[in-house]
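# Structure at a glance
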Amino acid sequence: QVQLVESGGGLVQTGGSLRLSCAASGRTFSSYAMGWFRQAPGKEREFVASITWGGGSTYYADSVKDRFTISRDNAKNTGYLQMNSLKPEDSAVYYCAAKSGLVTTTPASYRYWGQGTQVTVSS
């Protein structure tokens, strides 16, 4: 079992920045690929970014590429999502997730999920 807890969400103006954190406990976090997903009201959960267990490869949705950066510190059992140049359409609940095996962009393939943290970008 892996327990995940997100933090760092909040209200920010358009163009601002936030850094989300995902603290992991339980089994060795470094064994798992990690992803960030988001869900806006009335919409399906969508892929934002993912990173391999060792941090050597990262993947991004086109909508956040060049604005968001995913990273992880396995020594601290923590993953991060740095979000810059935020837009109102980035407003959503953001979730971190973990899975064994290869990193993917599909929410259904992730076994462990946090409770989410709200990000609101005002125009």
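For clarity, every value in this text was computed on a predicted model and none was experimentally measured. (Residues numbered from 1 in each chain as written. Predicted model: local features only at pLDDT ≥ 70, side-chain atom pairs only at ≥ 80, totals over all residues. Heavy atoms only, no water.)

For Asp-66, which is not glycine, the phi dihedral falls at a positive 75°. Counting through the fold element by element, Asp-66 comes out in the loop between strand E6 (58-60) and strand E7 (68-73). By relative accessible area, Asp-66 is classed as exposed at 79%. One non-glycine residue, Asn-77, adopts positive backbone phi at about 55°. By the secondary structure assignment, Asn-77 is in the loop between E7 and strand E8 (78-83). (Helix = DSSP H or I, 4+ residues; strand = E, 2+ residues; numbered from the N terminus. Buried < 20%, exposed > 50% of the residue type's maximum accessible area, 1.4 Å probe, protein only.)

Once that is clear, we can look at the nonpolar core. Grouped together as the largest cluster of nonpolar side chains are 34 residues, with contacts concentrated most on Leu-4, Trp-36, Val-48, Phe-68, Leu-81, Met-83 and Tyr-94. When contributions to this core are tallied by element, the ones reaching two or more residues are strand E1 (2-7), strand E3 (18-26), strand E4 (33-39), strand E5 (46-51), E7, E8, strand E9 (92-99) and strand E11 (117-122). When residues of this core are assigned to their parent elements, the largest contribution, 5 residues, is made by E9. (Core = buried A, V, L, I, M, F, W, Y, C linked by side-chain atoms within 4.5 Å.)

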